[in-house]
Amino acid sequence: MTRLILVLGDQLSAGLSALAEADPNTDCVVMAEVAAEAEYVPHHPKKIALVLAAMRKFAEQLRRAGWRVAYSRLDDPDTGGSVAAELLRRAGETGATEVLVTTPGEWRLIGQLRELPLKVTLLPDRRFIASRRDFEDWAKGRSQLRMEWFYRDMRRKTGLLMEGNQPAGGSWNYDAENRKRPPSGHQFPAPMQFATDSVTAEVLDLVASRFDASFGTLRPFWFATDRVQALQALDHFITEALPLFGDYQDAMLTGERFLYHSVLSVYLNLGLLEPLEVCRAAEQAWRHGHAPLNAVEGFIRQIIGWREFVRGIYFLEGAGYTASNALGHQRDLPAFYWGGETRMTCIREAVSQTRDEAYAHHIQRLMITGNFALLAGVDPQQVHEWYLAVYADAFEWVEAPNTIGMSQFADGGIVASKPYVSSGAYINRMSDHCKTCAYDVKAKTGDRACPFNLLYWSFLDRHRDRFASNPRMGNMYRTWERMDPDQCRTILSDADTLLARLDGGDIV
Ligand SMILES: Cc1cc2nc3c(=O)[nH]c(=O)nc-3n(C[C@H](O)[C@H](O)[C@H](O)COP(=O)(O)OP(=O)(O)OC[C@H]3O[C@@H](n4cnc5c(N)ncnc54)[C@H](O)[C@@H]3O)c2cc1C
Ligand code: SF4
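Just so we're clear, the structure is a prediction, and the values are computed from it rather than from any experiment. (Residues numbered from 1 in each chain as written. Chains lettered and ligands numbered in written order. Predicted model: local features only at pLDDT ≥ 70, side-chain atom pairs only at ≥ 80, totals over all residues. Heavy atoms only, no water.)

Peer 1: Describe the packing of aromatic side chains, listing the residues and the values that go with them.
Peer 2: Tallying each qualifying case throughout the model produces 33 aromatic pairs. Here the aromatic rings of F150 and F309 are separated by 5.9 Å at their centres, their planes lie at 50 degrees, and the arrangement is tilted. Of this pair, F150 sits in helix α7 (residues 147-158) while F309 sits in helix α12 (residues 293-317); the two residues are 159 residues apart in sequence, bridging distant segments of the chain. Each member of the pair, F150 as well as F309, carries the same accessibility label: buried. Here the aromatic rings of Y456 and W457 are separated by 4.8 Å at their centres, their planes lie at 70 degrees, and the arrangement is edge-to-face. Overall, Y456 belongs to the buried group, its relative accessible area being 9%. Through a chain of ring-to-ring contacts, the aromatic side chains of F336, Y337, F372, W386, Y387, Y391 and F452 assemble into a single cluster. (Phe/Tyr/Trp six-rings, centres within 6.5 Å; stacked < 30°, edge-to-face > 60°. Helix = DSSP H or I, 4+ residues; strand = E, 2+ residues; numbered from the N terminus. Buried < 20%, exposed > 50% of the residue type's maximum accessible area, 1.4 Å probe, protein only.)

Below, the structure written as structure tokens:
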């Protein structure tokens, strides 16, 4: 009896559990480009093109390996509007009554599959180092879930950067050696860029015709769209960028969009690369003396630490997690997140690079766009939908805990032990943006005061009851309390004026 083997757009791995359980002689792989997935948030055109091109190439790879693949294209009039509709259509064609699928990374899709009038078996996604059960066991009985402790367990489990039972070099974490400011004129390597092949060219034309109104620039398009290319991108990163990955990890420079970041999240999240192979390649670079320990440890921590940790949180917290709003924030997302005009250089840089590349590095996401939304009290649901839409690597299991939890503190402190907020001083320290800004980063009040300065104090004041007793925020509140009361009143009143202008649609 034929079974349907559903392979989703972010499940493009030859070793996928659903494929491993299937029989190529009798089962039929179903892959579908459907409008519901392309449109449930206004995805960046580059992201849609990336996923469709990679799906088409993966389907061809499966066919060559002997699989029967029922592939539905977005521009085929017979294609149904949703994954569920396509499964029902293929079930009708083949007589199949059973579906095998590796558990999707989104509660929305899991819910849709569970409602199908077919026997659906959800298999564990084995492309992660910690299974959902591993994470639940680790979390059980802990009053606080902190990434650093989880990360150490992942080091022990994988043996990465371990010397016996001890961390290589004697320390678990080398962040103190990271986060330097690059010297002026420093040359950065660019991520590996790929020429457009015939499959990608066809997809680009399709996306250009259907999604031309969406936020985001489609061309030039240079992402890897298959495993061979993704492995080349990995190799390029290890050779060219990893050695200085740690040093300039948090820097932000006008015109430098990638610095030493890997831009591998897109390939990891689609399934073109496996996390462990990426980490082993980095570890080998250290063992061969090509990259220093601070860089390699920092890189591996992001993958076996943060990436695995946020996935664990997403599944642990359940389908309601994305609706969390612990701080009760209600403001609409300002128009400048979608490319509207702003006088703030840091925001303009982060948003325009997002529009062009469907990529921004972690500190841009956390300390520029995320920081502003949190300080301004924007509805976290709208912030979540923005991040999910605009980044090529955004899939809910990883995006939501980063946005709802780490960036917006909307989960009340499950991911982060304190809100990631800062005034303009931090942005000035880590970037060159303030030099060309219409606002004055040193000014605390008045028309030219940096909006991050005004909103920072107003945020702390507004949420005093919740955060004043947080030991990691004591210094911030002590500084606020030491300030001249008249100046405090002026800051709060200027912040209110700024927020009113934001709400009124004025250019801020
Ligand atoms: C508000 C917000 C939203 C985010 N949304 C996403 C998202 O949708 N998808 C996504 O993959 N990452 C997301 N991140 C995490 C992080 O910003 C990206 O993983 C990173 O910028 C990807 O670029 P890179 O590959 O060059 O990363 P590098 O700096 O080269 O890091 C190496 C790898 O570590 C992993 N990694 C690093 N930080 C994180 C993290 N916090 N969570 C999970 N993995 C991490 C990624 O796989 C990344 O490829 C978000 C962060 C914030 C603050
Ligand atoms: S002055 Fe403020 S708004 Fe302008 S770039 Fe600096 S931090 Fe951003």
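Peer 1: Mind laying out the site of ligand 2, listing which residues take part and the relevant values?
Peer 2: As a matter of local geometry, ligand 2 sits amid M344, C346, G424, I427, H433, C434, C437, Y439, V441, C450 and F452. Across the shell around ligand 2, the residue classes tally to 9 nonpolar, 2 polar and no charged. (Near = heavy atom within 4 Å. Nonpolar A, V, L, I, M, F, W, Y, C, P; charged D, E, K, R; others polar.)

Peer 1: Mind laying out the sheet that holds strand β3 (residues 68-72), listing which residues take part and the relevant values?
Peer 2: As summarised here, the arrangement of the 5 strands in space is β3-β2-β1-β4-β5, forming an open sheet in which the pairing is parallel. For this open sheet the edge positions go to β3 and β5 (119-123), each flanked by a neighbour on one side alone. For this sheet, the mean inter-axis angle between neighbouring strands, taken without regard to orientation, is 25 degrees. Pairing geometry for strand β2 (residues 28-32) and β3, over 5 bridges, is parallel. Looking at the pairing, V30 lines up with A70 of β3. Strand contacts of helix α3 (residues 45-64): β2 and β3, with the helix running at about 160 degrees to β3, the strand carrying the most contacts. (Pairing = 2+ DSSP bridges. Axes fitted to C-alpha atoms, helices over the stretch in contact; angles between N-to-C directions. Contact = heavy atoms within 4.5 Å.)

Peer 1: Please give an account of the nonpolar core that cites residues and values.
Peer 2: Within the largest apolar cluster, 171 residues are counted, with the highest numbers of intra-cluster contacts made by M31, L242, Y267 and F372. No other element matches the 12 residues that α12 contributes to this core. Counting 19 residues, the second-largest nonpolar core is a separate cluster that includes L4, A91, V99 and V101. (Core = buried A, V, L, I, M, F, W, Y, C linked by side-chain atoms within 4.5 Å.)

Peer 1: Talk me through the pairing of β2; I want residue IDs and the actual numbers.
Peer 2: Most of β2 is tucked away: 5 of the 5 residues are buried. On β2, burial covers both faces: C28, V30 and A32 on one face and V29 and M31 on the other are all buried. When strand β1 (residues 4-6) meets β2, the two strands line up parallel, connected through 3 bridges. Bridged to L6 within β2 is V30.

Peer 1: Account for the side chain of D250, naming residues and giving values.
Peer 2: Checked against the element boundaries, D250 lands in the loop between α9 (227-240) and α10 (265-270). D250 sits in the buried class, given a relative accessible area of 9%. Not counting chain neighbours up to four residues away, the residues in contact with D250 comprise R179, I363, Y426 and M430.

Peer 1: A description of the site of ligand 1 should follow, citing residues and the corresponding values.
Peer 2: The environment of ligand 1 is formed by 28 residues, the closest being H261, S262, V263, N269 and Y359. One of the side-chain N or O atoms of S262 is found 2.6 Å from an oxygen atom in ligand 1. One of the backbone N or O atoms of S265 is found 3.0 Å from an oxygen atom in ligand 1. Across the complex, the protein chains shield 99% of the 820 Å² of accessible surface that ligand 1 would expose by itself. Contributing elements (two or more residues each) for the shell around ligand 1: α10, α12, α14 (362-376) and α16 (396-407). With 6 residues, α16 is the single largest residue contributor to the shell around ligand 1. Counted by class, the shell around ligand 1 contains 14 nonpolar, 10 polar and 4 charged residues. (Polar contact = N/O pair within 3.5 Å; in protein donor to acceptor, adjacent residues only side chain to side chain. Areas by Shrake-Rupley, 256 points an atom, 1.4 Å probe, with all protein chains shown as cover.)

Peer 1: How would you explain the packing of α12 against α16 if you had to name every residue and give the values?
Peer 2: Look at α12 against α16: their axes get within 8 Å of each other, and the N-to-C directions meet at 85 degrees. By the criterion of interaxial angle, the relationship of α12 to α16 is roughly perpendicular. Residues W306, R307, V310, R311, Y314 and F315 of α12 touch α16, and the partners they reach there are E396, W397, V398, A400, P401, N402 and M406. (Parallel < 35°, antiparallel > 145°, perpendicular 65-115°, else oblique.)

That is the geometry; function is a separate question.
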